[in-house]
Amino acid sequence: QVQLAESGGGLVQAGGSLRLSCAASGRTFSYYAMGWFRQAPGKEREFVATIRGSGRSTYYADSVKGRFTISGDNAKNTVYLQMNSLKPEDTGVYYCAAAQYYSSNYVYGTSYDYWGQGTQVTVSS
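In this report, we go over the structure that sits alongside the text.

Basis of the calculations
Residues numbered from 1 in each chain as written. Predicted model: local features only at pLDDT ≥ 70, side-chain atom pairs only at ≥ 80, totals over all residues. Heavy atoms only, no water. Helix = DSSP H or I, 4+ residues; strand = E, 2+ residues; numbered from the N terminus. Buried < 20%, exposed > 50% of the residue type's maximum accessible area, 1.4 Å probe, protein only. Contact = heavy atoms within 4.5 Å. Disulfide = S-S within 2.5 Å. Core = buried A, V, L, I, M, F, W, Y, C linked by side-chain atoms within 4.5 Å. Pairing = 2+ DSSP bridges.

As for the environment of Glu44
Along the polypeptide, Glu44 turns up in the loop between β4 (33–39) and β5 (46–52). We classify Glu44 as exposed; its relative accessible area is 70%. C-alpha separation for the pair Glu44 and Asp73, spaced 29 residues apart in sequence, amounts to 29 Å. Each residue touching Glu44, except ones within four places of it in the same chain, is listed here: Arg38 and Gln39.

This is the structure:
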């Protein structure tokens, strides 16, 4: 079993920054991709960013492109999400996810096999 634990959420003013971390523990595996998703109150979960395990290629939702950066540290089994220039619409619970198998598109939550419990990010205006 793989456990994912997010941390780093909190309350920040618009324009501020936060860095989320996602630490993987338990049974280790070579994941194909790690991703970040978020869910705002009353809305569906949405894709934020993903990083491929091999070549470390990254992909972002248009809404966060240029403001968020996803990165990984294999030695620490940790993935990060650096969030800059935060906006009130970035508010939500942020979840990290790990994909154990290949997928043609890691934008979809169904491409991931393991999920963390989430960390709350609140951006005040």
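Moving on from the model shown.
What about the state of the cysteines?
Throughout the structure, instances matching the rule amount to one disulfide. Here Cys22 is linked by a disulfide to Cys96, with a sulfur-sulfur distance of 1.9 Å. In this structure the cystine formed by Cys22 and Cys96 twists about its S-S bond by roughly 50 degrees; its chirality is therefore right-handed. Of this pair, Cys22 sits in strand β3 (residues 18–26) while Cys96 sits in strand β9 (residues 92–99), placing them 74 residues apart in sequence. You'll find Cys22 and Cys96 in the same group, each marked buried.

As for the nonpolar core
Counting 34 residues, the largest nonpolar core has Trp36, Leu81, Met83 and Tyr94 as the members making the most contacts within it. For this core, the secondary-structure elements that each account for two or more residues are β1 (2–7), β3, β4, β5, β7 (68–73), β8 (78–83), β9 and β11 (119–124). Per-element tally for this core: the top contributor is β9, with five residues.

Description of unusual backbone geometry
With a phi angle near 50 degrees, Asn77 is a residue other than glycine that sits in the positive phi range. Structurally, Asn77 is set in the loop between β7 and β8. Within the chain, Ser85 stands out as a residue other than glycine whose phi angle is a positive 50 degrees. Within the secondary structure, Ser85 is located in the loop between β8 and β9. Given the relative accessible area of 40%, Ser85 is considered partly exposed.

Comments concerning the pairing of β8
Burial analysis of β8 places five of its six residues in the buried class, which makes it a mostly covered element. The pairing of β3 with β8 spans six bridges and is antiparallel. In the strand pairing of β8, Ala23 is matched with Thr78. Pairing of β7 with β8, which is carried by six bridges, proceeds in the antiparallel orientation. Its bridge partner being in β8, Asp73 is matched across the sheet by Thr78. What sits between β7 and β8 in their antiparallel hairpin is a turn of four residues, with Asn77 showing a positive phi close to 50 degrees.

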